[in-house]
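Breakdown of the fold
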Amino acid sequence: WKKGYTFAMPSLSIIAPPPPKENAWRFINFKKEKKTVSPRALKEVKYDSQSHHSVLFQMYGSVWPKVLPFCLANVGLTLIVLYLRNRQIIDLTFSDKGHSFISMLVSFLVVSRSQMIYGRYSEARSQLSAAMRSCRELVQHMAILTLSETDEAAKQWRCTVAYKTILMLRVLCAALEYPTSKRNAWDVPEMDDADRNVVLDSLLVATSDNSIIHCSNSKLSPRSMHELAHGERSLSDENLRVPVIMTYQVREAIVSQRFALSQPLQPPEELKILQFVSEFSMAFHSLRKLLMTPFPFPLVQMARTVLVFWVFSLPFVLVWNISEPIQVVMVVFVITYGFVGLEYVSMELEDPFGDDPNDFDCITFSQMVFEDIYITINEVDGKEAANALRRKVKNRTAVGTTHESFVADDEFLSNVGSMEGSPLIAENGSHDV
C-alpha cells in the first residue's frame, strides 16, 4: 500500500499445500471403471457471420462431418434406383402423394425438437451464468461490508469464504461434466484434503463390491453414510450432491464471521451475503433439473424413426418425378443434409456440458470468476493476500492445455498490483466507511 505496509497471512488458510500426487485419489475394485479422461482441449467455435466463405466451409463445430456420410449414402441409393429404372431392370419408384403427407409430419417433429433443445440449451447457459454471477456478488459484498475489519482474523475469514466460494463453483462445473468426463466432483484438484474429507464423509453411495476411496493420508469408505440413504445411489447421484454439500460449507464459513470479526456483521448484512448462496443454489437446482429431465425418449424415437424412413425413401419418390441424374442427386443431397443435419444439431446441443466443440467451456468460465475474486481480495486485503489465495488454487490445479490451465505466475495481478487498495481505505491503513 502507500506506506509499504505488508503483513504475514496465517499459515492455516493461506499457505498453499503441495500439489496432490498424481492418481492419489481413485476407485479400487470398481469393475466398470474407465481409465481417467485426460483434460479436455476445447477450442472455442468462432466464425465471422459477415463472411459467407467462413460460414459455409468451416468444419470445426459443424455437423458436416457427421451428416456427409448420410448424404453420400442417399446419393448412392438414388443412383442405384436411377440406374435400375433407366436400364429397365426393375422400377422401384412410386408416387409422391403419400410421401408428401409424411414430409409434413417429419418437418413438425424435427423442427419442434430442435426448437425445444435450443430452449433447453439457452436455459442451461442462463442458469450457469446466474451461478457464476452469484459467486462474484457474494465475494464483493463480503469484502465491501467488512472493509472496516483489518486484523489478521478478518483477513483469514475473507480468504476462507473466498476459497470455499471458488470450490463451490468448481464442484458445480465438475458435477455437470461428470456424465462425459467421468471425473468425480470431489476429485477436482483445487480442493484440499480437508475439504475433500468433509465431502467424502457425507456421501451415501454404495456399490456391490468393496469399493474404497483411497487418499494419500486417509482411507474412507463411501458407504460410511449409507445407512441414511433411502435406496441405492449411483456415482452420478453423488456427484450432484457435492454442490449441495459445498453450499452448506460456504454458509457455515459466512456465519463464522460472528466469531472472526471484531465487529460482527448486522443480521441484514449477513443475510444479504447468504442470499447470494441461495441464488447459487437456485441456479444449481435448475441445472440439475435439466440434467435429470432428459428429452422424452418416445418423442426422440418417433421423430428419428419417421425421419430415417422418410429420408431414405426420397430416392424412390424423386426418381419417379425427376429423370435427370444431376438434378435428382442435387435435390436428394440437399434435403438429406437439411433434415439429418437438424437432427444432429439437436443431438449436439442436447448435452451442453460435455466435450463437444459447441458445449460450454465451464473450466474457462469458472476461472474468469476466480480471477474476479482474486481482484476483489486484492482491493480489500492487498496483493499479497490475493496472490496467496491464487497460489492456493493454482498450485493444486493440474496443468492441461494452454487454453484451460492456470499456468500464469505470480504476476497475474501485476496490472492491478500498483493499485493502493480501495479508495475507501485511508492513508493510515484503516478503512474509512
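Residues numbered from 1 in each chain as written. Predicted model: local features only at pLDDT ≥ 70, side-chain atom pairs only at ≥ 80, totals over all residues. Heavy atoms only, no water.

Next up on the list: the nonpolar core. Of all hydrophobic cores here, the largest spans 70 residues; its most connected members are Leu138 and Leu169. If you list the elements that add at least two residues to this core, you get α3 (97-145), α4 (152-181), α5 (193-200), α6 (235-255), α8 (267-292), α12 (362-381) and α13 (383-394). Residue contacts for Leu138: discarding those within four places in its chain leaves Val161, Thr165, Val250, Ile254, Ile273, Phe276 and Val277. Among the nonpolar cores identified, the runner-up in size contains 23 residues, and Val67, Leu109, Val110 and Trp310 belong to it. (Core = buried A, V, L, I, M, F, W, Y, C linked by side-chain atoms within 4.5 Å. Buried < 20%, exposed > 50% of the residue type's maximum accessible area, 1.4 Å probe, protein only. Helix = DSSP H or I, 4+ residues; strand = E, 2+ residues; numbered from the N terminus. Contact = heavy atoms within 4.5 Å.)

This part is about unusual backbone geometry. One non-glycine residue, Gln88, adopts positive backbone phi at about 55 degrees. In this structure, Gln88 sits in the loop between α2 (64-86) and α3. The exposed category is assigned to Gln88, whose relative accessible area is 74%. The backbone of Lys182 shows a phi angle near 60 degrees, a positive value even though the residue is not glycine. Tracing the backbone through its elements, the reader meets Lys182 in the loop between α4 and α5. With relative accessibility at 47%, the residue Lys182 sits in the partly exposed group.

The next point concerns the environment of Ala385. Positionally, Ala385 belongs in helix α13. Accessibility expressed as a relative area gives 4% for Ala385, which makes it buried. Along the chain, Ala385 and Cys159 lie 226 residues apart, while their C-alpha atoms are 7.8 Å from each other.

Before going further, it helps to spend a moment on the confidence of the model for the chain. In the predicted model, the chain carries a mean pLDDT of 81, and the fraction of residues at 70 or more is 76%. Element-level mean pLDDT values for the chain span from 36 in strand β1 (residues 26-28) up to 96 in α8. Taken together, the stretch residues 1-42 has pLDDT below 50 and engages in 93 contacts with residues farther than four places along the chain or on a different chain. The model gives residues 397-413 a pLDDT under 50, and that stretch makes 38 contacts with residues more than four places away or in other chains. (pLDDT = per-residue confidence, 0-100.)

Contact pair α3 / α8: the axes reach a minimum separation of 9 Å and the direction vectors enclose 165 degrees. Of the possible angle classes, the one that applies to α3 and α8 is roughly antiparallel. α3 and α8 meet at a crossing whose hand is left-handed. Considering only residue class, the contact of α3 with α8 consists of 16 nonpolar, four polar and six charged. (Axes fitted to C-alpha atoms, helices over the stretch in contact; angles between N-to-C directions. Parallel < 35°, antiparallel > 145°, perpendicular 65-115°, else oblique. Left-handed = near helix turned anticlockwise from the far one by under 90°. Nonpolar A, V, L, I, M, F, W, Y, C, P; charged D, E, K, R; others polar.)

Looking now at the packing of α4 against α6. Orientation of α4 relative to α6, taken along the N-to-C sense of each, is 165 degrees, at an axis distance of 9 Å. As judged from the angle between their axes, α4 and α6 are roughly antiparallel. α6 is crossed by α4, and the crossing has left-handed handedness. Contacts between α4 and α6 involve Trp157, Thr160, Val161, Lys164, Thr165, Leu167, Met168, Val171, Leu172, Ala175 and Tyr178 on the former and, on the latter, Leu235, Ser236, Asn239, Leu240, Val242, Pro243, Met246, Thr247, Gln249, Val250, Ala253 and Ile254.

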